[in-house]
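The chain contents come next:
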Amino acid sequence: MDTRRTLLVDAFATEPLSGNPAGLVPDADGLSTEAMAAIARELHASETAFLLASDAADRRIRYFTPAGEIDRCWHATVATVAWLAEAGRIEDGTHTFETNVGTLETELDDETVWMDGEVAAVTRPDLGYDRVASALGADPATLEDIGADLPLAIASTGLRYLLVPMNFLQALSGLEPDLQAIEALSVELDVTGVYAFTFDTLDGDSTLHGRMFAPRAGIEEDPVTGTASGAVAAYLREFGAFDGEFPDEMTFEQGHFVDRPGRVRVRGETDPIAVGGRAVTALDGTIAVPAFEADEIIEA
């Protein structure tokens, strides 16, 4: 029976058991698609990355959720690059990965992994505060209080999110989300999930505190979300936050209310918007892999 080194690496974190965990199989050459899917199901991280040899980039990377293969994942990429550096396999600089949808370029800079998002897009849906507040289990006034300056909007730098500004951290912490209502809203708006945030933070150095709910993607509450962070930066830039003095870099805190605190660094002035973070290995072991006859492509 085949065995493979298998890790859990916590992305957007500097301490184990925080941030957003990703599975990683650093030497996946020879594994069938069925075997990768089975390993991802066994690890049961939201995403697991598999590294293989590539003729088109430095390495090939494939991503699997417990439900099947997906094209890209930011937090699993951060985890992968950070571990490669920790293992002494790469140094600071640019590193490329062949994915199912083209080449992904990353930058390693003093333990922080940076990635560029896709072209930013921001739109305003025809949506009332009462419905969104009901789905989140919030008082509508906590949304309307800030809505004159920062409205409800859909933003994307790769994945679409409904962004919901709130007035205070107390309101954000007290959310009682109706996951069925959030899923229905997400399907209707064709968004990955709902990201609620406030500029009232736990850490004085943070720009904002966010929470992200994505039951449509099988995630009740995501600990730390890189793609949503890029979308928030596009949103803040679009609506002229910070009185026109947009910061060169921002830090978003997330995950505290699911006991997995993490931090995302965001460069929102750049085009494309760049998202960065660190990662730390939480588990390093081996997994036994039985033989699989099929090599069927499994899609989430």
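Residues numbered from 1 in each chain as written. Predicted model: local features only at pLDDT ≥ 70, side-chain atom pairs only at ≥ 80, totals over all residues. Heavy atoms only, no water.

1. A word on the layout of surface pockets
Using the following cut-off: Here a cavity means grid points, on a 1 Å grid over the protein atoms only, where a 1.4 Å probe fits yet cannot get out; a pocket means an open set of points with protein on both sides within 12 Å along at least five of seven lines; lining residues are those with an atom within 4 Å of a point. Grid points are joined across faces, edges and corners, and a volume is the space filled by probe spheres set on the points. Counting from the N terminus, the helices are the DSSP runs of H or I reaching at least four residues and the strands are the DSSP runs of E reaching at least two.
Here the largest pocket is characterised by a volume of approximately 1200 Å³. Lining of the largest pocket is provided by 41 residues; of these, Glu47, Ile70, Arg72, Leu159 and Thr192 occupy positions nearest its centre. Counting only elements with at least two residues in the lining of the largest pocket, the list comes to strand 5 (68–70), helix 2 (74–86), strand 7 (102–109), strand 11 (160–165), strand 13 (208–214), strand 14 (219–222) and helix 7 (226–238). Approximately 310 Å³ is the volume attributed to the second largest pocket. Along the wall of the second largest pocket there are 18 residues; nearest its centre are Phe12, Ala13, Thr14, Gly262 and Arg263. Contributing elements (two or more residues each) for the lining of the second largest pocket: strand 15 (250–254), strand 16 (262–267) and strand 17 (274–277). Top element by residues in the lining of the second largest pocket is strand 16. It accounts for three residues.

2. So, helix 4 (residues 140–147)
What counts, and what does not: Per-residue accessibility, obtained with a 1.4 Å probe over protein chains only, is compared with the maximum for each type, and a residue is labelled buried under 20%, exposed over 50%, and partly exposed between these values. Note: the arc covers the axis-to-C-beta directions of the helix. Residue contacts follow a heavy-atom distance rule, with two residues in contact if any of their heavy atoms lie within 4.5 Å. What qualifies as a polar contact is a pair of N or O atoms within 3.5 Å, subject to a donor-acceptor requirement within protein and to the restriction that residues adjacent in sequence count only when both atoms come from side chains.
Buried residues of helix 4: Thr142, Leu143, Ile146 and Gly147, and no others. Within helix 4, the buried residues cover an arc of 135 degrees as seen down the axis, which keeps them to one side. Buried positions along helix 4 lie against helix 3 (129–136), strand 11 and helix 5 (169–173). Regarding helix 4, its N-cap is aspartate 139, as a side-chain oxygen of that residue lies 3.0 Å from the backbone nitrogen of alanine 141 further along.

3. Concerning the side chain of threonine 225
With respect to the element layout, threonine 225 can be found in the loop between strand 14 and helix 7. Look at threonine 225 and you get buried, because its relative accessible area is 4%. Only 2.7 Å separates the side chain of threonine 225 from the side chain of aspartate 222, close enough to count as a polar contact. One polar contact links threonine 225 to glutamine 254, side chain to side chain, over a distance of 3.0 Å. Excluding anything up to four places from it in sequence, threonine 225 contacts Tyr161, Met212 and Gln254.

4. Structural notes on the pattern of salt bridges
Quick reminder of the rule: Take a side-chain nitrogen of Lys or Arg and a carboxyl oxygen of Asp or Glu: if they are within 4 Å of each other, that pair is a salt bridge.
Tallied over the full model, the rule gives 13 salt bridges. Among the salt bridges present, the one from arginine 237 reaches aspartate 271, with a minimum N-O distance of 3.1 Å. With arginine 237 in helix 7 and aspartate 271 in the loop between strand 16 and strand 17, the pair connects residues that are 34 residues apart, well separated along the chain. When the shortest N-O distance is used, the salt bridge between arginine 267 and glutamate 249 registers 3.6 Å. Here arginine 267 is found in strand 16, whereas its partner glutamate 249 is found in the loop between helix 7 and strand 15, with 18 residues between them in sequence. Residue class for arginine 267 comes out partly exposed when judged on its relative accessible area of 27%. Residues joined by salt bridges that share partners form a network here, namely Glu249, Arg265 and Arg267.

5. Regarding the packing of aromatic side chains
Our working definition: A pair of aromatic rings is counted whenever rings of Phe, Tyr or Trp (Trp by its six-membered ring) have centres within 6.5 Å, and the orientation is called stacked for planes under 30 degrees apart, edge-to-face for over 60 and tilted otherwise. In this scheme, the term charge over a ring applies when either NZ of a lysine or CZ of an arginine sits within 6 Å of the ring centre and within 35 degrees of the ring normal.
Tallied over the entire structure, the rule returns seven aromatic pairs. A centroid spacing of 5.9 Å and a plane angle of 85 degrees characterise the contact between phenylalanine 197 and phenylalanine 199, whose relative ring orientation is edge-to-face. For phenylalanine 199, a relative accessible area of 31% puts it in the partly exposed group. Aromatic pair phenylalanine 199 and phenylalanine 242: ring centres 5.9 Å apart, planes at 75 degrees, arrangement edge-to-face. Here phenylalanine 199, found in the loop between strand 12 (193–198) and strand 13, pairs with phenylalanine 242, found in the loop between helix 7 and strand 15; they are 43 residues apart in sequence, far enough to count as distant. By the ring-pair criterion, three or more aromatic residues cluster together here, those being Tyr195, Phe197, Phe199, Tyr235, Phe239, Phe242 and Phe246. The side chain of arginine 267 reaches across the aromatic face of tryptophan 114, ending 3.7 Å from its centre.

6. Side note on helix 7
Threshold: Helix span is expected to be 1.5 Å times the residue number reduced by one.
The terminal C-alpha atoms of helix 7 lie 19 Å apart, and with 13 residues this matches the ideal 18 Å at 1.5 Å per residue to within 8%. When you tally the buried positions in helix 7, you get eleven out of 13 residues, the bulk of the element. Among the residues of helix 7, those classed as buried are Gly226, Thr227, Ala228, Ser229, Gly230, Ala231, Val232, Ala233, Ala234, Tyr235 and Leu236. Within two residues after helix 7, glycine 240 carries a phi angle of roughly 65 degrees, on the positive side.

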